[in-house]
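Below, each chain spelled out in residue letters.
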Amino acid sequence: RSTLFPYTTLFRSAGRKERHLKLRLLQLLIALPLRSPSLLIQTAMECKNIGVYTDALDAWNNTCPLDGIHGNAEWLSQTSKFLTSKVDRLEQDLKNYQLSQDKENIRRTHHSLGDHYYNCGDLSNAVKHYQKSRDYGTTVNHTLDFLLSTLKVSVYLYHWTSVYNYIKKTELLEITDPSKQLTLSLIKGLCEMSLGNYAQACRIFANVPHDHWTSEVISPYSLLIYCTLCAIGSLSRQEYQRLLFENNNFKQYCDSNETIKNCLLAFYNREYSQGLRILDNIKPKLKLDMFLEQHIDDIYSNIRKCCLCQYFKPYLACDLNRMAENFNTDLETLEGELKGMSIGSTMSYKIDGFHKVLRYCEDDDKAHVLNDILAMARKYRQKTQALIAKSAILKSGLVIKDNVNVAISEEKPSTSS
């Protein structure tokens, strides 16, 4: 709460078309003791969201009662009348079209109502009207418009199961519009990241074209952040070198932000102290991201585990004191991290607590040979027991013969005679 500059900077960096990203940041900023409420009030008025506007006013007046401000009654009245009249007009048009059974105009009106509620932040009503427009679609483009509109709303509602199912449906359609392909690729990446498939999300984000950005789902800066974090925390150095550094398309994203570019280079050059310091500095801003807030701790944990594995991989033994210095932590915390990783069998090593050394555990070839011999012995014993049982059954005559075969065998002597 003491350092608000990163939050307000992230808020202002959101694009003009990213309406719901701004509203999400606005709801998070309501609880912060900002020096001026102009940022909150102005954005709520731009988005025509009366509910967030009144919440921002109430939060400000409760936080700073001495500097309380009054709402713009004229704006509230005009906006409320405008929104109500627009809904009434669209609903009246919908009734008229339903009476005349004009399917195309019914579909368009339902889609217009969905767009209206979407722009006002009423996402549940937006989904309802988008789904109703599906019943009146007659072409592939109508189906694609319904799927993309529903996908955008489902993303902001965090309904990732629905997003995944709708994405599978879009894969059956032929999409030629570059802007729709861009939006669909971004939603695919967000879905994979939200489901914990960070490597696949990185591969999708890295191949999103940088030129002619027209999507309102996320900004290019957000894509750069998502792709960087997913790559460092889930890919090997060789793979994210090929996917990021040797990718001319992704280089355009990196060139737009020097901090993230330095972070990537630091991790690639094994300068973990510098890379982790950069990530710690931008972590407060990332916690305000509507798609990263639930995954930021998990991603940061994966990054530290990957870095620890890469740091120790070339050595047979490593000094824990120097290792803690390189990872910006103390010895006790580092030992706790390594113990947690050993439980999950991420690395094959043991900790020498007395000498404060991390040692590589070599595979015991003798143990492998003995285990193979025991497995062969158990298999041989099972086969031997099965053969003994079979021979005993045959010797005792405990064999069930087929009635048809018995009849045929009995008829053969009579025909020959």
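J.: Would you mind going over a nonpolar patch on the surface in detail, with residue names and values included?
T.: A grouping of Ile393, Leu394, Leu398 and Val399 is seen on the molecular surface, where their side chains present a nonpolar patch of about 400 Å² in accessible area. Along the chain, the position of Val399 falls in the loop between helix H20 (365-396) and helix H21 (403-416).

J.: I'd like a rundown of the environment of Val399, residues and numbers included.
T.: Using a relative accessible area of 44% as the deciding quantity, one classes Val399 as partly exposed. Among residues more than four places away in sequence, those in contact with Val399 are Ile393 and Leu394.

J.: For the environment of Lys128, give the residues involved together with the corresponding values.
T.: Among the structural elements, Lys128 can be located in helix H7 (residues 123-134). Each C-alpha atom of the pair Lys128 and His110 lies 9.0 Å from the other, and the pair is 18 residues apart in sequence.

J.: Account for the environment of Gly196, with residues named and values stated.
T.: Along the chain, Gly196 falls in the loop between helix H10 (178-194) and helix H11 (198-206). What makes Gly196 partly exposed here is its relative accessible area of 35%. Gly196 sits 34 residues away from Cys230 along the chain, and the two C-alpha atoms are 9.7 Å apart.

J.: Can you break down the pattern of salt bridges residue by residue, with the values?
T.: According to the stated counting rule, one finds six salt bridges in the structure shown. The salt bridge partner of Asp297 is Lys283, with a shortest N-O separation of 3.5 Å. Taken as a pair, Asp297 in helix H17 (residues 296-312) and Lys283 in helix H16 (residues 272-286) lie far apart in primary sequence, 14 residues in all. Given a relative accessible area of 21%, Lys283 falls into the partly exposed group. One network of salt bridges, with partners in common, ties together Glu104, Arg107 and Arg108.

J.: Now, about the nonpolar core: what can you tell me, with residues and values included?
T.: The biggest cluster of nonpolar side chains holds 86 residues, and the ones touching the most others in it are Leu190, Leu229, Phe267, Phe291 and Met323. With nine residues, the top contributor of residues to this core is helix H12 (residues 220-234). Residues within four places of Met323 in sequence aside, it is in contact with Leu308, Tyr311, Cys318, Leu334, Leu338 and Leu358.

J.: For the side chain of His142, give the residues involved together with the corresponding values.
T.: Relative to the helices and strands, His142 is located in helix H8 (residues 140-156). According to the relative accessible area criterion, His142 is buried, its value standing at 15%. Dropping the residues within four chain positions of it, His142 is found in contact with Glu104, Arg107 and Gly137.

J.: Please give an account of the packing of helix H14 (residues 248-255) against helix H15 (residues 258-268) that cites residues and values.
T.: One can describe the packing of H14 onto H15 by two numbers: an axis separation of 7 Å at closest approach and a directional angle of 120°. The angle between H14 and H15 places the two elements in the oblique class. Side by side, H14 and H15 meet where Phe250, Cys254 and Asp255 of the first sit next to Glu258, Lys261 and Leu264 of the second. Across the contact of H14 with H15, the residue classes break down as three nonpolar, no polar and three charged.

J.: Give a detailed account of H10, specifying residues and quantitative values.
T.: Its 17 residues give H10 an end-to-end C-alpha distance of 24 Å, which sits within 8% of 24 Å, the value for a rise of 1.5 Å per residue. Those residues of H10 not exposed but buried are Leu182, Thr183, Leu184, Leu186, Ile187, Gly189, Leu190, Cys191, Glu192, Met193 and Ser194. Buried residues along H10 sit in contact with H8, helix H9 (160-170), H11 and H12. Backbone geometry just downstream of H10 places Gly196 in the positive-phi region, at approximately 90°.

How each quantity is defined
- Residues numbered from 1 in each chain as written.
- Predicted model: local features only at pLDDT ≥ 70, side-chain atom pairs only at ≥ 80, totals over all residues.
- Heavy atoms only, no water.
- Patch = residues over 30% accessible without salt bridge, like charges linked within 9 Å, V, L, I, M, F, W, Y side chains within 5 Å.
- Areas by Shrake-Rupley, 256 points an atom, 1.4 Å probe, with all protein chains shown as cover.
- Salt bridge = Lys/Arg side-chain N within 4 Å of Asp/Glu carboxyl O.
- Helix = DSSP H or I, 4+ residues; strand = E, 2+ residues; numbered from the N terminus.
- Buried < 20%, exposed > 50% of the residue type's maximum accessible area, 1.4 Å probe, protein only.
- Contact = heavy atoms within 4.5 Å.
- Core = buried A, V, L, I, M, F, W, Y, C linked by side-chain atoms within 4.5 Å.
- Axes fitted to C-alpha atoms, helices over the stretch in contact; angles between N-to-C directions.
- Parallel < 35°, antiparallel > 145°, perpendicular 65-115°, else oblique.
- Nonpolar A, V, L, I, M, F, W, Y, C, P; charged D, E, K, R; others polar.
- Expected span 1.5 Å × (residues − 1).

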